[in-house]
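Summary of the model geometry
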Amino acid sequence: MSAVSNPATVEECLRVGAGFSQGDRTWIAEQCATLDARLASFHADATELEISVKDRAARGQKVTLECWVGGQDKIVTTSGEEDLHAAVMDVRDDLRRRLNDAKTRQEPRGNKHLPGPERGQPEKGQ
C-alpha cells in the first residue's frame, strides 16, 4: 500500500456545526486527535468531519459526528450523554470503531500476498 501524500487529520478536516462555536473547535480537535492514526490512510482533500450538538447543556442533548471519506458512504455517530465531554468522547470512539470496521470490510479476502495456507490447499487437519 502506498502512503497518502496529504493524509487527513482531525485538525485539517473538522468543522463545527450547530451548537458549537469556532471557539470550541480547538478543544474538540484536541479531544478527537486520536482519530488521526485512523484517518491517515485517507486523503485530506477527500475527507470531511462535522460535529454538532442539539440542545447543548440541556437534558437530552445530542452530539452528532459525521464523517465523509471519498468513495464511501457517510458515517454518522451520535451520543445522548448528558456531559458534553463524555458525549464528544463517545462519538469519537464510535467513529474510530466504524472506520476500523469499514477498513476491515475493504481488505481483500483470499489475497495471495497475505500469509496463510497456500491457495487451493486444505489446511492441516482437514
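Residues numbered from 1 in each chain as written. Predicted model: local features only at pLDDT ≥ 70, side-chain atom pairs only at ≥ 80, totals over all residues. Heavy atoms only, no water.

1. Observations concerning the sheet that holds strand S4 (residues 75-79)
What the four strands build is an open sheet, ordered S1-S2-S3-S4; its pairing is mixed. The open sheet terminates on both sides in strands that have one partner only, identified here as strand S1 (14-16) and S4. Adjacent strand axes in the sheet meet at a mean angle of 15° when their direction is disregarded. Where strand S2 (residues 47-54) meets strand S3 (residues 62-69), eight bridges bridge the pair, whose relative direction is antiparallel. If you follow Val53 over to S3, its bridge partner there is Val63. Of the strands in this sheet, S1 and S2 touch helix H2 (residues 22-31), which is tilted by about 140° from S1. (Pairing = 2+ DSSP bridges. Helix = DSSP H or I, 4+ residues; strand = E, 2+ residues; numbered from the N terminus. Axes fitted to C-alpha atoms, helices over the stretch in contact; angles between N-to-C directions. Contact = heavy atoms within 4.5 Å.)

2. Description of unusual backbone geometry
Apart from glycine, the bulk of residues carry a negative phi angle, and the bulk of peptide bonds sit in the trans form. Of note, Asp55 is a non-glycine position whose phi angle comes to about 60°, a positive value. Here Asp55 shows up in the loop between S2 and S3. Exposure remark for Asp55: the relative accessible area of 45% places this residue in the partly exposed category. Positive phi is not limited to glycine here, since Ala57 has a value of about 70°. As for its position among the elements, Ala57 is in the loop between S2 and S3. (Buried < 20%, exposed > 50% of the residue type's maximum accessible area, 1.4 Å probe, protein only.)

3. Comments concerning the side chain of Gln61
Summarising the element assignment, Gln61 is placed in the loop between S2 and S3. For Gln61, a relative accessible area of 2% gives the class buried. A polar side-chain atom of Gln61 sits 3.0 Å from the main-chain carbonyl oxygen of Glu82. Those residues in contact with Gln61 that lie beyond four places of it in its chain are Val53, Lys54, Asp55, Arg56, Ser79, Gly80, Glu81, Glu82, Asp83, Leu84 and Ala87. (Polar contact = N/O pair within 3.5 Å; in protein donor to acceptor, adjacent residues only side chain to side chain.)

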